Amino acid sequence: MRFKISAMAAGMIIAATSVLAQVLFTFAPPEAYGICLVCHGRDLFAQIGRAIFSTPIEMSEIAREGPIVTVFGILIGAFIAAKTSGEFRFQWVESKWFAFIVGAVVAICALIVSGCPMRILIRTAYGELNALFGLIALILGCIVGTLLLKYKGRGGKKA
């Protein structure tokens, strides 16, 4: 039996489960803490570093209360979703080092402005100036990236 669920229904189920978990376990993440592999990855590595080296490493308030396993949950959930929808496949990346460096730069920039696009929007709504600059940089980066992809898609010819 094949089970299909729409993205909207999955989002509603996840949101309802999250609210139920908050009510049942009195679990409350800090304000403007989004779902971001950069922030959660930072907190996971900080927890591992504290456990192994016993050194104080900067991490979010929620990470001090318990283990951050959302990184594994997101990766496992994405894998299951890709397998069940038939979209999982290995892809050959031509310039691995370039992709790695660009990914590292994006992660470092996300840590500088403290988070993912959703968190940047939330923090901008709170009136944080640093988040506003991050939002502007995010928009400019999307524009430049789109133009570069269009340029590369045309074989390097201008439109």
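This text goes with the structure placed above it.
**Quick word on the overall build of the protein**
Alright, step 1. When you go through the protein residue by residue, the secondary structure sums to seven helices and zero strands.
Alright, step 2. The order of helices and strands in the protein, counted from the N terminus, is α-α-α-α-α-α-α.
Alright, step 3. When contacts within the protein are restricted to residue pairs at least 6 apart in sequence, long-range pairs at least 24 apart make up 44% of them.

**Description of the packing of aromatic side chains**
Two measures describe an aromatic ring pair: the distance that separates the ring centres and the angle between the ring planes.
Alright, step 1. With the rule as written, the count across this model stands at three aromatic pairs.
Alright, step 2. Considering the side-chain rings of Phe-88 and Phe-90, the 5.4 Å spacing of their centres and the 75° angle between planes classify their relative orientation as edge-to-face.
Alright, step 3. By relative accessible area, Phe-88 is classed as partly exposed at 35%.
Alright, step 4. A relative accessible area of 76% places Phe-90 in the exposed class.
Alright, step 5. Taking the centre distance of 6.0 Å and the plane angle of 85° together, the rings of Trp-97 and Phe-100 count as edge-to-face. On the criterion of helical spacing, the pair formed by Trp-97 and Phe-100 is a turn pair, its members being three residues apart in helix α5 (residues 96-112). Both residues of the pair, Trp-97 and Phe-100, belong to the exposed class.
Alright, step 6. In this structure an aromatic cluster arises from ring pairing among Phe-79, Phe-88 and Phe-90.
Alright, step 7. Taking the ring centre of Trp-92 as reference, the NZ or CZ of Lys-96 above it sits at 3.7 Å.

**Concerning unusual backbone geometry**
Alright, step 1. At Ser-54, a position not held by glycine, the phi torsion is positive, near 55°.
Alright, step 2. One can find Ser-54 in the loop between α2 (37-53) and α3 (61-65).
Alright, step 3. Using a relative accessible area of 62% as the deciding quantity, one classes Ser-54 as exposed.

Parameters and conventions
- Residues numbered from 1 in each chain as written.
- Predicted model: local features only at pLDDT ≥ 70, side-chain atom pairs only at ≥ 80, totals over all residues.
- Heavy atoms only, no water.
- Helix = DSSP H or I, 4+ residues; strand = E, 2+ residues; numbered from the N terminus.
- Contact = heavy atoms within 4.5 Å.
- Phe/Tyr/Trp six-rings, centres within 6.5 Å; stacked < 30°, edge-to-face > 60°.
- Buried < 20%, exposed > 50% of the residue type's maximum accessible area, 1.4 Å probe, protein only.
- Lys NZ or Arg CZ within 6 Å of the ring centre and 35° of its normal.

From the geometry alone we can't say anything about function, so treat these as descriptive.
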